[in-house]
Structures are given as C-alpha cells and as structure tokens.
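These are the residues of each chain, in order.
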Amino acid sequence: GKITLINQAQVDNFATTYGTCDTTPYGLTIDGSDITQVDALSALVTIKGDLKLYAPALADLTGLANLETIEGALHVGSTSAGTSLVNVDALSKVTTLGALVVYNNDLLEDLDGLSGVTRIAGDVLIGDDYYYGNPRLSQLDGLANVTSIGGDFVIGDNSALTDLNGFIGLSSVG
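Residues numbered from 1 in each chain as written. Predicted model: local features only at pLDDT ≥ 70, side-chain atom pairs only at ≥ 80, totals over all residues. Heavy atoms only, no water.

### Some details on the pattern of salt bridges
Selection criterion: Salt bridge criterion: a side-chain nitrogen from Lys or Arg within 4 Å of a carboxyl oxygen from Asp or Glu. A helix here means a DSSP run of H or I that spans at least four residues, while a strand means a run of E at least two residues long, and both kinds are numbered starting from the N terminus. Think of it in three bands: with a 1.4 Å probe and only protein chains considered, a residue is buried below 20% of the maximum accessible area for its type, exposed above 50%, and partly exposed in between.
For the coordinates displayed, the defined rule picks out 1 salt bridge. Close ionic contact of K48 with E71 constitutes a salt bridge, the shortest N to O distance being 3.7 Å. Of this pair, K48 sits in the loop between β4 (46–47) and β5 (51–53) while E71 sits in strand β6 (residues 69–76); the two residues are 23 residues apart in sequence, bridging distant segments of the chain. Judged by its relative accessible area of 42%, K48 falls in the partly exposed class. The class for E71 is partly exposed, based on a relative accessible area of 44%.

Next comes the structure, spelled out in structure tokens:
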C-alpha cells in the first residue's frame, strides 16, 4: 500500500483525508502536474516506505521540513519527468534515508539538504539510467557525511558536476 497524491487539492487536504499523523505507514507519492508545494504535509516526521517526488511543477518542499526518516527511497524526479526543485534544503532534518534516486531535474543545483544523512542502506542513483541526468547539479557536498552506501552507486549525465568531493567521507559501497 501507498498514498498517492495526484493534484494540489489532494495535497492541501492531506490532514482532512488521512488525519494529522506524523507517520505514513506506507510510501507517499506526489505526482500531479498542478502540484507546486507540499505545505499541508508539515506534520510528517516519518515515511515508512518510499517518498516519490514526481510532480513536474513541484518547486517548494517547505512542507516537509519536519521530516526526519524516509525508510524507503527518496525519489526526486523520475524517468518520466523531473521536478522544478532548485534544492532539497527543506529536508535538512532527515537523518535516515533508505535509498536515493535523483533523475531528470532540470533546475536542481545541489543536495545540501541531505547533510544530516550518514548512511544509505540501498542504492544511490544520481542521474543516468539512460540519460536522465540533472544538468544544473554542480556539486554533491550535501552527501559529504555519508560513510556507507549499501546498494548500487551510480552517478551519470550531470553535465555541471565537476567533482565528487561530496563523497570524501564514503568508506564502503555495496
């Protein structure tokens, strides 16, 4: 099971529909062409599944500023469409992250908001899987505190990326 929000009204009515919970027992997918912000999700602290940010107009993650745990994968964009996010700064309280998939985000410049994460149990896929890169992603310093990645580690097709200094602390992969 998972919760899928397919338009801004569903996002805005999250508490009315699902209650004022701080935990989703499943994954949460945000995927609607008119979704620009997630302010109504401000009570969420834990997602016991994947957080899929697939809405192409999504430009503001402030509503997720209380989020601390994403047990599954954080998906920012997909092979179908990216987001309109410039950064993920609102996710600065996140310390637990199961995996990270960042595809197809034309405006994304950094992942600095993930600086609280020290271990990623699953895959880290930043661009590629057949040319779904992030053309403005210029550095990955937000991942400098990650010491281990448990799954696959792929970085590709991020044309503005000039170094991998963001992985200075990485000591194990796989």
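### Considering the environment of L97
Here is the rule: We call two residues in contact whenever any of their non-hydrogen atoms come within 4.5 Å of each other.
Structurally, L97 is set in strand β7 (residues 96–102). Separated by 24 residues in sequence, L97 and A121 have C-alpha atoms that sit 7.4 Å apart. Apart from the residues lying within four places of it in its own chain, the contact partners of L97 are I70, G72, L74, L114, V117, R119, I120 and A121.

### Considerations on the side chain of Q139
What counts, and what does not: As used in this structure description, the phrase polar contact means that two N or O atoms lie within 3.5 Å; if the pair is within protein, one of them must be able to donate a hydrogen and the other to accept it, and residues adjacent in sequence are counted only when both atoms belong to side chains.
Within the element layout of this structure, Q139 appears in the loop between β9 (124–126) and β10 (148–149). In this structure the side chain of Q139 is engaged in a polar contact, spanning 3.3 Å, whose partner is the side chain of D112. Only 2.7 Å separates the side chain of Q139 from the backbone nitrogen of D141, close enough to count as a polar contact. In this view, Q139 contacts E109, D110, L111, D112 and L161; residues no more than four positions away in its chain are not counted.

### Notes on the pairing of β6
Stated precisely, the cut-off is as follows: DSSP-based pairing: two strands are paired if at least 2 bridges between them are found.
The buried count for β6 comes to 7 of 8 residues, which makes it a mostly enclosed element. For β5 and β6, the ladder comprises 3 bridges, and the chain directions are parallel. In the sheet register, L53 faces β6, and the bridge partner there is V76. Relative to β7, β6 runs parallel, the two being bridged by 6 bridges. Bridged to I70 within β7 is L97.

### Structural notes on the packing of aromatic side chains
Selection criterion: A pair of aromatic rings is counted whenever rings of Phe, Tyr or Trp (Trp by its six-membered ring) have centres within 6.5 Å, and the orientation is called stacked for planes under 30 degrees apart, edge-to-face for over 60 and tilted otherwise.
On inspection of all chains with the given rule, the structure shows 3 aromatic pairs. When the ring of F14 is compared with that of Y18, the centres are 5.1 Å apart and the planes differ by 40°; the resulting orientation is tilted. One end of the pair is F14 and the other is Y18, both in helix α2 (residues 14–18) and 4 residues apart, which spans about a single turn. Aromatic pair Y103 and Y132: ring centres 6.3 Å apart, planes at 45°, arrangement tilted. In this pair, Y103 is assigned in the loop between β7 and β8 (119–120) and Y132 in the loop between β9 and β10, connecting sequence segments 29 residues apart. In this structure Y103 comes out as buried when scored by relative accessible area, which is 7%.

### Here's the deal with the pairing of strand β1 (residues 2–5)
Only one face of β1 is covered, namely the face carrying I3 and L5; the face carrying K2 and T4 is uncovered. Pairing of β1 with strand β3 (residues 27–30) involves 4 bridges; the strand directions are parallel. When the bridges of β3 are listed, I3 appears paired with L28.

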